[in-house]
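# Residue-level structure breakdown
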Amino acid sequence: MSPSFPLRRRRVLQFGAASLAAVAVGGTAVPSAQAATPTVYGDASLSCELSGFGVHDGIGYLTTRGLAPVRLLRYDFAARQVSNVSFLPAAGANGTAIDGAYGVGPSPDGSLVHVATYPDGDLYRWNPGTQAFTRVANTIGNLPFTLDVAPDGKVYVGIYDPNAGAVVREYNPSTGAVTSLGQAVPAATSRFARWLAVDATHVYVATTRDGVLVRRARSGGGWTELHRIPKPPGVTVTGYNGVALSAAKVYALSGRDVVRLNHDGSGVESITAPAVLNQLCHDPATAALYVASIDGAIYRLPDGSTSYEHLADTTSTLRHAGIGIAGPGLLVGCTEDGLVWDLVLATGAYTERNLIELAPQAAGGELVHSICASSSGSVAWVGGRNAITMHNVSSSTAVRYPISGEAKAVGVCGNDLVAAIYPSTELRAIDRTTGDQRSLGRILNGQYRPMDLEVDAATGRVFIATKPNLGVADGALAVIKPSVADSLQVLTGLLPGQAVVSVDLDAGKIFIAGDRSAGAETVPDGAAGAQIRVLDLATLQTLQTFTPLGEGTALMSIAHLDGLVYGVYKVPAGYWFAWDLAQGKRVAGSSKDANGNWVRMLPGYGEVVRQGGHIFAAVNAEANDDVHLYRLGPGLTTATLRNQNLGRSWYTYPQLGFIGSTMTAWTLAGRKLAKVDLTV
């Protein structure tokens, strides 16, 4: 097979001995008879996902997310070549692993490039001459989403902060000082300063969840609202998709509209495009605005016009990660899956290049979202961001299927691999024989994030647990039969005021678990305990509801075995339990000692799985940046450690994909596909 990376309908990879060849690694803290040392293969989900984009004088600067270490790529648009790949430090100032960088911006003279990393929010300076990174500011804020550099070289960063809200910070390279410009909007309005643009006098911020456009004088003062996206009836969340400036205008993207207005907020116009837009840039030489749509199209909106001119289309199935002007008459950009393109405006000549083909060192194993076994013991399915990968370890091959979004949950139903996608809530099926993809519809109904997926093989139905949008009280349980058109049901209100985070099918029943954070990022103070509801699998009627722990406000995962429901909490993290349905009480798990301290806790939260008459848990060991595997029951009062030293591999939470009725499961070790025998 070719090692190329076309990223079209599907991509076949041939892994050599160093990648999918099996290697035994890992350690254990239990007796050797209980050891569960995994067999490790190649990268579980290969990626060159681009998240940040900046351009200066014919050179593009591109950053990645989800790879370790995070890359900064220097791309020469004239030569159409990667001239440098530099690696950010593995960890930030607080010792937390760096997951990616959305914010990247070259200085006005191109002598320096500034990069804002997440999750901790460190600011780095990269010197093109020495190709070295210097950390110039520590923890400027939780999750910096956007960065722009003013004409005088000062750097402005837009922050997501779950407590303080949409905050903007200024970094002065001359003094090293970091100054907070305060909340662009109150936290109750939005926590996301998602898009930012700056000129000589003002900073402009466009927020998401909800959409408000504001500005502030760089010299001081408060923030002034310029525009707000209206909410039609039934709409709970709005947001902008970008912001750009010209000498006289502000441009903001909202769905299919370009909102064009004067700097002071007057003269508002909305110009509707043929498709939903997600990137924009302004060309000062021609005064034209260039926009890119989520389906890959590129358009020009001439100055003062209300008509779009279609210019080109990318071959990517994914969104643009950035566009810009690289020089006179040259429009450039990139897509999330690692395609870089240029468009000569005078001739319409369009060219795109694949970064992984140009610079294989740009790619790597990303953090994974989901995993499941197939009907064959040699095949595993791995859900990543913007792709699902089918691994066949017997032939040392992998097939990569592009998707748009994150495959938060996957499962095999008949001849289909079914995936639940974030943030669109689309349910997508991949034919396991032909590789053909089809959409099964979207969950919608105020939902936002698929959390868990279970398949009822007897009826061919798939059950999906979901977390709602901000401002929506209830999560949902979605039910679909992929073989039957228009069969999607979305059941809300099953756990009032809670997200539905876990679903389990057993003994003719459905078990669902709640999280009191609902559509918010954190659990509100004084929240009641999260609940578990039991439904009849055939009729979907409620059988009983109970609260395992009054002070446990966020469950993570549950599984049923022989009349006991086992579960793990996210809040308090690591609390586990076994609940006897007949007695209506906890019979095993964590508890408090005489001094009120938690005892018999797991080191974190993750998935709980039933297999072969046993209950297992795969959990984050956050203190050690690791994953541990445990057996929780039956018959145990203290969880039995089966494996540790699996490393940090999951974007969501650790999971196990058991193969058929065996005690062997697919999982991850150091971002690589792994197989572990959990025979008791």
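Cut-offs applied
- Residues numbered from 1 in each chain as written.
- Predicted model: local features only at pLDDT ≥ 70, side-chain atom pairs only at ≥ 80, totals over all residues.
- Heavy atoms only, no water.
- Helix = DSSP H or I, 4+ residues; strand = E, 2+ residues; numbered from the N terminus.
- Buried < 20%, exposed > 50% of the residue type's maximum accessible area, 1.4 Å probe, protein only.
- Contact = heavy atoms within 4.5 Å.
- Areas by Shrake-Rupley, 256 points an atom, 1.4 Å probe, with all protein chains shown as cover.
- Lys, Arg positive; Asp, Glu negative; His and termini not counted.
- Charge placed at Lys NZ, Arg CZ, Asp CG, Glu CD.
- Pairing = 2+ DSSP bridges.
- Polar contact = N/O pair within 3.5 Å; in protein donor to acceptor, adjacent residues only side chain to side chain.
- Axes fitted to C-alpha atoms, helices over the stretch in contact; angles between N-to-C directions.
- 1 Å grid on protein atoms, 1.4 Å probe; cavity = no way out; pocket = protein on both sides within 12 Å on 5 of 7 lines; lining within 4 Å.
- Points joined across faces, edges and corners; volume = space filled by probe spheres on them.
- Nonpolar A, V, L, I, M, F, W, Y, C, P; charged D, E, K, R; others polar.
- Core = buried A, V, L, I, M, F, W, Y, C linked by side-chain atoms within 4.5 Å.
- Salt bridge = Lys/Arg side-chain N within 4 Å of Asp/Glu carboxyl O.

For the rest of this paragraph, the subject is the overall build of the protein. Looking only at helices and strands, the protein has 1 helix and 61 strands in total. Along the longest, intermediate and shortest principal axes, the C-alpha atoms of the protein span 75 × 55 × 50 Å. The buried share among the 680 residues of the protein stands at 60%. For the protein, long-range pairs separated by at least 24 residues make up 46% of all intrachain contacts whose partners lie at least 6 apart in sequence. Accessible area of the protein: about 24000 Å², with a carbon and sulfur share of 48%. Of note, the protein has its 52 positive side-chain charges centred 2 Å away from the centre of its 54 negative side-chain charges.

Attention now moves to the pairing of strand β41 (residues 447-456). The buried fraction of β41 is high, at 7 of 10 residues. Where β41 and strand β42 (residues 461-468) come together, 8 bridges link them in antiparallel fashion. The residue bridging Pro450 from the neighbouring strand is Thr466, located in β42. Where β41 folds back onto β42 in an antiparallel hairpin, the turn is made up of 4 residues, including Gly460, whose phi is positive at roughly 75°.

Tracing the sequence through the fold places Asn278 in strand β25 (residues 277-283). Measuring from C-alpha to C-alpha, the distance between Asn278 and Ala554 comes to 34 Å, with 276 residues separating the pair along the chain. Once you skip the residues sitting within four places of it in the chain, Asn278 turns out to touch Trp195, Asn241, Leu253, Ala292, Ser293, Ile294, Arg319 and His320. From its side chain, Asn278 meets the backbone oxygen of His320 in a polar contact 3.0 Å long.

Quick look at the sheet that holds strand β21 (residues 242-245) now. The 4 strands are arranged β21-β22-β23-β24 in an open sheet whose pairing can be described as antiparallel. With partners counted over all chains shown, the strands left at the sheet margins are β21 and β24 (269-272), one partner each. Each adjacent strand pair in this sheet contributes to an overall mean axis angle of 20°, direction not counted. In this sheet, strand β22 (residues 249-254) lies alongside β21 in antiparallel orientation, the contact comprising 4 bridges. Opposite Leu245, over in β22, you have Val250 as the bridge partner.

Evaluation of the coordinates by the stated rule reveals 2 cavities of 30 Å³ or more. Along the walls of the largest cavity sit Glu49, Arg65, Gly66, Asp99, Tyr118, Glu366, Leu367, His369, Arg385 and Tyr651, which together make up its complete lining. Of the residues that constitute the lining of the largest cavity, the class distribution is 3 nonpolar, 2 polar and 5 charged.

Moving on to the pairing of strand β13 (residues 144-149). Within β13, 5 of the 6 residues are buried, leaving the element largely enclosed by the surrounding structure. Relative to strand β14 (residues 155-159), β13 runs antiparallel, the two being bridged by 5 bridges. Across the sheet, Pro144 pairs through a bridge with Ile159, a residue of β14.

Moving on: the sheet that holds strand β18 (residues 202-208). One open sheet accounts for 4 strands, arranged β17-β18-β19-β20; its pairing is antiparallel. At either end of the open sheet lies a strand with only one pairing partner, and these are β17 (192-198) and β20 (224-228). Averaged over all adjacent pairs, the angle separating strand axes in this sheet is 25°, with direction ignored. Note that β17 and β18 share 5 bridges and pair antiparallel. Residue pairing for β18: Ala197 is matched across the bridge by Tyr204.

Note that soluble globular proteins tend to have their nonpolar side chains buried in a common cluster. With 38 residues, the main nonpolar core has Leu602 and Leu632 as its most contacted residues. Elements with a minimum of two residues in this core: β45 (499-506), β46 (509-515), β47 (532-536), β49 (554-561), β50 (564-571), β51 (576-580), β56 (614-621) and β57 (626-633). Not counting the four nearest positions on each side in its chain, Leu602 is found in contact with Val568, Ala573, Gly574, Trp576, Ala617, Val619, Tyr630, Leu632 and Ala639. If you look at the next biggest cluster of nonpolar residues, it comprises 29 residues, including Val40, Val368, Leu668 and Leu678.

Right, let's talk about the layout of surface pockets for a bit. For the second largest pocket, the calculated volume is near 930 Å³. Mapped onto the lining of the second largest pocket, the elements with two or more residues apiece are β34 (370-373), β37 (397-413), β41, β45, β49, β55 (606-611) and β59 (657-658). Of all the elements, β37 adds the most residues to the lining of the second largest pocket, at 6 residues. A breakdown of the residues in the lining of the second largest pocket according to their chemical character gives 21 nonpolar, 13 polar and 8 charged.

Turning next to the side chain of Ser305. Looking at where Ser305 falls in the secondary structure, it is placed in the loop between β27 (297-301) and β28 (309-313). Relative accessible area serves as the criterion here: at 18%, Ser305 is assigned to the buried category. Only 2.9 Å separates the side chain of Ser305 from the backbone nitrogen of Ser307, close enough to count as a polar contact.

Here we come to the pattern of salt bridges. Applying the stated criterion across every chain yields a total of 21 salt bridges. The partner of Arg428 in a salt bridge is Glu426, and the shortest N-O contact between them spans 2.8 Å. Residue classification places Glu426 among the buried positions, given a relative accessible area of 12%. Across the pair Asp506 and Arg610 runs a salt bridge whose closest N-O atoms are separated by 3.7 Å. Pair noted here: Asp506 is in strand β45 and Arg610 is in strand β55, with a separation of 104 residues, a long-range link. Judged by its relative accessible area of 22%, Arg610 is partly exposed.

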